[in-house]
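# Structural description and commentary
In case you want the letters, here they are:
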Amino acid sequence: MPYSVRLVTRLAGFACLIGLLVLEQCCSQVMMGGDMNGKLTKEVICHACGATVKEINKALKLKAGSKRPEAEVMDIISDVCKMDSFKIYDYPPPKMIRACQKVMDTSEELLEQLFTKRPYLSEEEIEEKGCKKACKGVDKTKDASSRDPDVYVDGVPQKLGSAKPDESKPKRKKSKKKKSKKKKKKKSKKKKTKKKTTKNEL
């Protein structure tokens, strides 16, 4: 096989591989609602703060059991804002990661203090104190799962769900005139048939 043909086939294969990688990235963004530049609402940041506290506590229990060494706490807190931490929450992982990073920008030191404070605070107490700023003015009783899912295609948010019929428009009533006309036609047909039968009998 000539060198030029081999070079062309290699380049084509390379281009195909790049195309597949780009496609995979786009699909994962659509599936996960991965709008990395979308606006973060107060609700998302508050939810991410609570989730972050849960994930830190979970990781600490796995690593150190009932103890909370300062070095372990700092290690876990510095590495908590990642995809694996936010797969089971109400918002898509990319959005949760960004919200987690925003929480860490303002409350990282506070969370470190709360997790290492003795006697040890419960997860609920840490969340209440550590997320006070992030959750200010947010109604926590609202269920985030009731909102429309975040699905993005080419960075544009897509609304899902069946379109409801417009109930504002009143339904047209069938005019009675048409019905009365039909009845009159039927009556006239019956009369004609009666006349014909009487003529035939005569």
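For the structure given in this document, a descriptive report is provided here. (Residues numbered from 1 in each chain as written. Predicted model: local features only at pLDDT ≥ 70, side-chain atom pairs only at ≥ 80, totals over all residues. Heavy atoms only, no water.)

## Quick look at the overall build of the chain
- Counting its secondary structure elements, the chain contains 6 helices and 2 strands.
- Considering the chain as a whole, with its 202 residues, one finds that 27% of them fall into the buried category.
- The long-range fraction of contacts in the chain, counting pairs at least 24 apart against all pairs at least 6 apart in sequence, stands at 70%.
- Just so you have it, the chain exposes about 16,200 Å², and 57% of that area is on carbon and sulfur atoms. (Helix = DSSP H or I, 4+ residues; strand = E, 2+ residues; numbered from the N terminus. Buried < 20%, exposed > 50% of the residue type's maximum accessible area, 1.4 Å probe, protein only. Contact = heavy atoms within 4.5 Å. Areas by Shrake-Rupley, 256 points an atom, 1.4 Å probe, with all protein chains shown as cover.)

## Concerning unusual backbone geometry
- With an omega of -10°, the peptide bond between Arg-118 and Pro-119 qualifies as cis.
- Topologically, Pro-119 is positioned in the loop between helix H4 (93–116) and helix H5 (123–130).

## Things to note about the side chain of Arg-68
- Mapped onto the elements, Arg-68 comes out in the loop between helix H2 (42–64) and helix H3 (70–78).
- The side chain of Arg-68 is buried and forms no salt bridge, while Glu-123, the nearest opposite charge, is found at 7.5 Å.
- A polar contact of 3.4 Å, which involves the side chain of Arg-68, links it to the backbone oxygen of Phe-115.
- In this view, Arg-68 contacts Asn-57, Leu-60, Val-73, Leu-114, Phe-115, Thr-116, Tyr-120, Leu-121 and Ile-126; residues no more than four positions away in its chain are not counted. (Lys, Arg positive; Asp, Glu negative; His and termini not counted. Salt bridge = Lys/Arg side-chain N within 4 Å of Asp/Glu carboxyl O. Polar contact = N/O pair within 3.5 Å; in protein donor to acceptor, adjacent residues only side chain to side chain.)

## Details of the packing of aromatic side chains
- Taken as a whole and judged by the stated rule, the model has 1 aromatic pair.
- A ring pair is formed by Phe-86 and Tyr-89, whose centres lie 6.1 Å apart and whose planes are at 55°; its orientation type is tilted.
- Taking relative accessible area as the criterion, Tyr-89 reaches 17% and is therefore assigned buried. (Phe/Tyr/Trp six-rings, centres within 6.5 Å; stacked < 30°, edge-to-face > 60°.)

## Describing the state of the cysteines
- In this structure the tally under the stated criterion is 3 disulfides.
- Shown here is the disulfide that connects Cys-46 with Cys-135, its sulfur atoms set 2.0 Å apart. Here the disulfide of Cys-46 and Cys-135 is right-handed, its torsion about the S-S bond being about 95°. A residue pair is termed long-range when its members are at least 10 positions apart, and Cys-46 in helix H2 and Cys-135 in the loop between H5 and strand E1 (151–153) qualify at 89 residues. Accessibility classification places Cys-46 together with Cys-135 in one group, the buried group.
- Cys-81 shares a disulfide with Cys-100; S-S distance 1.9 Å. Judged by the torsion about the S-S bond (-70°), the Cys-81/Cys-100 disulfide is left-handed. Of the two residues, Cys-81 sits in the loop between H3 and H4 while Cys-100 sits in helix H4, which places them 19 residues apart along the sequence. Side by side, Cys-81 and Cys-100 carry an identical accessibility label, which is buried.
- Taken in sequence order, the bonded cysteines of the chain link in the pattern 1-6, 2-5, 3-4. (Disulfide = S-S within 2.5 Å.)

## A look at the nonpolar core
- Ile-56, Phe-86, Met-96, Met-104, Phe-115 and Ile-126 are the most contacted members of the largest nonpolar core, which has 33 residues in total.
- For this core, the secondary structure elements donating two or more residues are H2, H3 and H4.
- Residues contacting Phe-115, with those up to four places away along its chain left out, are Val-53, Ile-56, Asn-57, Leu-60, Arg-68, Val-73, Tyr-120 and Ile-126. (Core = buried A, V, L, I, M, F, W, Y, C linked by side-chain atoms within 4.5 Å.)

## Re the packing of H3 against H4
- Where H3 contacts H4, the two axes come as close as 10 Å, and the packing angle between them is 155°. Taken as axis vectors, H3 and H4 run roughly antiparallel relative to one another. Crossing of H3 against H4: the hand is right-handed. Contacts between H3 and H4 involve Glu-70, Val-73, Met-74 and Ile-77 from the former and Met-104, Glu-108, Leu-111, Glu-112, Phe-115 and Thr-116 from the latter.
- Split by residue class, the contact of H3 with H4 holds 6 nonpolar, 1 polar and 3 charged. (Axes fitted to C-alpha atoms, helices over the stretch in contact; angles between N-to-C directions. Parallel < 35°, antiparallel > 145°, perpendicular 65-115°, else oblique. Left-handed = near helix turned anticlockwise from the far one by under 90°. Nonpolar A, V, L, I, M, F, W, Y, C, P; charged D, E, K, R; others polar.)

## Looking at the environment of Lys-87
- Mapping Lys-87 onto the fold places it in the loop between H3 and H4.
- Assessed through its relative accessible area of 56%, Lys-87 is described here as exposed.
- Looking at Lys-87, its side chain comes within polar contact range of the side chain of Asp-84, at 3.5 Å.

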